[in-house]
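# Close look at the chain arrangement
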Amino acid sequence: MADPLNTRFAEGDEAALVECFQAHGPLIRSYLRRFVKAQDVEDLQQIVFAEVWRSRHRFDPARSLPAWMLGIAHKRAVDQLRIRTPQTVPLDVIADPAGADGRADGDGLAERDQVQRALAELPGPQRQAIELAYYGDLTQREIAERLSVPLGTIKARTARGLRRLSGILGTAETSGWDTESRRDGEAAARGASGARAMGRVSTMSGTVRTGGKDGKGEEMGAQVVRPRIAVSSCLMGEPVRFDGGHSRDRFLNGELDRHVEWVHICPEMEIGLGSPRETLRLERSPDGTRLVSRKSRVDLTDRMTALAGERAPALHEVDGYVFKSRSPSCGVHGIPVHAGGTTVDRKGTGVFASVVLDAHPLLPVEDEGRLHDALLRETFVERVFARARLRALLESDWRPRDLVSFHARHKMQLLAHNPAAFREAGRVVARAGSRPREELAADYARVFGTAFAAKASIGRHVNVLQHCVGMVGDALDPVRRADLAEVIASYQAGQVALSVPATLIRHHAQGLAAEYVRDQTYFSPYPEDLRLRNHVPA
């Protein structure tokens, strides 16, 4: 039986439009915030309701009115994104720098003093590594040579020192350290950028955020949960390609950049090939696949493998890795393997990437080419942020009850990816109070990573959505329960994006103060301004 409001609306009753605006306006506004800036939401909402009223003759009263309206809202929001153009500021507007009265210099001196005091509290080896990097303009490799210490040890000291420094200064934002070894002549430039980062460390906020409603994240203690992602340097615009150019990726440098900390890596540069350089390729031989320069026929396999072996241990501290596609050193999918002048295989893996994948089988990994696919992009980003949240917990002074709380908030997300791993994780957490912390953390991290390694299918998403409806459904009237069921069915049929039923369920959970459902990371797995759930499944 059709809802009386639906019938009155379809018949053109203007009072029904007012009731519709009052009942469903908050839902539409909440949905539009996923697409456009806050100041644009009100105007776009008016456009949506104007079209809703003009199109009322096409509405079937037997259907869900909120779902039909969300479909129109989605189309208008996408239109808004398409016509949006970047704004530029004339140079003459910012010709006079701020702080010309000397206050900026005074603030800088105060910040540097604050950093120096914090450095003094670090253990000697960690302080020495950081000071040589930031104030001595040395690369990690140069520090290792000067101190006669293995390169991996220097990397570990630096990473631990920066994390400890962050805690002293009240922030975990230490993104200025660039872990990539540079060619001669680049050390000074990188040291300068590191010094700027040290200045920034003392001014950052100490609030920890991980993907909450404001697009910045949810609070978790006293650190900033900011995913740390290793990336091929050329994808970030560095001129390190074989031809002296770069392969700057728009998504990585644009939407994702403001939410993550990048760890730049270019293995070709690190083994001393330079840029520009001779092209490389994979070749089949009796000793296995080899990395060979195309013209001079120099075999670089051992040098690249040794570098990867040095790099791999430190990568346990990153939450994901974006490799350069089709690279014989960094490619992870479909790299051609040659024998003479013939391509004998197109399923090869880059030499450097292969060692990293073997060392970290549960690390979220993709290449920038596959990230152009909406589903693969969403899956990768979701895994990265989930891993970052777990890393932040396990690096803190956590207690068993903290792990129990963490698991409770991730239950629906785990269930959407891997029901078997979801159940195993529950068994691990059930023994949280009776096992050593290190053993418990290792087991949970393994199961957690295994769960997210499986892709969340449409069927599993439907299962989770129905679970959540079951938890809030008793407090809803029959019409709203039917609305939710219809929207979920529309998603399952490939008619609407996952964001439509997810937004509707979270809207009801907020209105009913259903904290357990509302606080599930499933509904905010990453910052919402990334808009990764807005694609309609194929």
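Structure: above.
Here's a quick rundown of the structure. (Residues numbered from 1 in each chain as written. Predicted model: local features only at pLDDT ≥ 70, side-chain atom pairs only at ≥ 80, totals over all residues. Heavy atoms only, no water.)

Moving on, we come to unusual backbone geometry. Between serine 275 and proline 276 the backbone carries a cis peptide bond, its omega angle lying at 0°. Residue position: proline 276 is located in the loop between helix 11 (267-270) and strand 3 (280-285). Although it is not a glycine, arginine 297 sits at a positive phi angle of roughly 65°. Within the secondary structure, arginine 297 is located in the loop between strand 4 (288-293) and helix 12 (301-311). Judged by its relative accessible area of 43%, arginine 297 falls in the partly exposed class. In this structure, arginine 531 takes a positive phi of about 50° despite not being glycine. On the basis of relative accessibility, which here comes to 22%, the residue arginine 531 falls in the partly exposed class. (Helix = DSSP H or I, 4+ residues; strand = E, 2+ residues; numbered from the N terminus. Buried < 20%, exposed > 50% of the residue type's maximum accessible area, 1.4 Å probe, protein only.)

Glancing now at the pairing of strand 3. As paired strands, strand 3 and strand 4 are joined by 6 bridges and run antiparallel to one another. Counterpart to glutamate 283 in the pairing with strand 4 is arginine 290. Turn length for the strand 3-strand 4 hairpin, with the two strands adjacent in sequence and antiparallel, is 2 residues. Where strand 3 and strand 6 (residues 335-339) come together, 2 bridges link them in parallel fashion. Looking at the pairing, leucine 282 lines up with valine 337 of strand 6. (Pairing = 2+ DSSP bridges.)

A separate point is helix 17 (residues 437-453). Spanning 17 residues, helix 17 covers 24 Å between terminal C-alpha atoms, matching the ideal 24 Å at 1.5 Å per step. Buried within helix 17 we find Leu440, Ala441, Tyr444, Val447, Phe448, Gly449, Ala451 and Phe452. Contact partners of the buried residues in helix 17: helix 14 (374-395), helix 15 (400-417) and helix 16 (419-430). (Expected span 1.5 Å × (residues − 1). Contact = heavy atoms within 4.5 Å.)

Turning our attention to helix 2 (residues 14-32). Between its first and last C-alpha, helix 2 extends only 24 Å over 19 residues, short of the 27 Å set by a 1.5 Å rise per residue. Maximal helix bending in helix 2 amounts to about 55°, located at histidine 24; proline proline 26 follows within four positions. Here helix 2 starts with a cap whose side-chain oxygen sits 2.9 Å from the backbone nitrogen of alanine 15, and that cap is aspartate 13. (Bend = angle between axes of the 7 residues up to and from the residue. Polar contact = N/O pair within 3.5 Å; in protein donor to acceptor, adjacent residues only side chain to side chain.)

Here we come to the sheet that holds strand 8 (residues 365-367). Pairing between the strands of a sheet comes from backbone hydrogen bonds, and it takes one of two forms, parallel or antiparallel. Taken in spatial order, the 4 strands make up an open sheet running 2-1-5-8, and their pairing is parallel. Either end of the sheet is taken by a strand with one partner, and the two such strands are strand 2 (261-265) and strand 8. Ignoring which end each strand starts from, the neighbouring axes of this sheet average 25° apart. Across 3 bridges, strand 5 (residues 320-323) lies against strand 8 in parallel orientation. Across the sheet, phenylalanine 323 pairs through a bridge with aspartate 367, a residue of strand 8. Seen against the sheet, helix 13 (residues 351-359) touches strand 2, strand 5 and strand 8 and runs at an angle of roughly 165° to strand 5. (Axes fitted to C-alpha atoms, helices over the stretch in contact; angles between N-to-C directions.)

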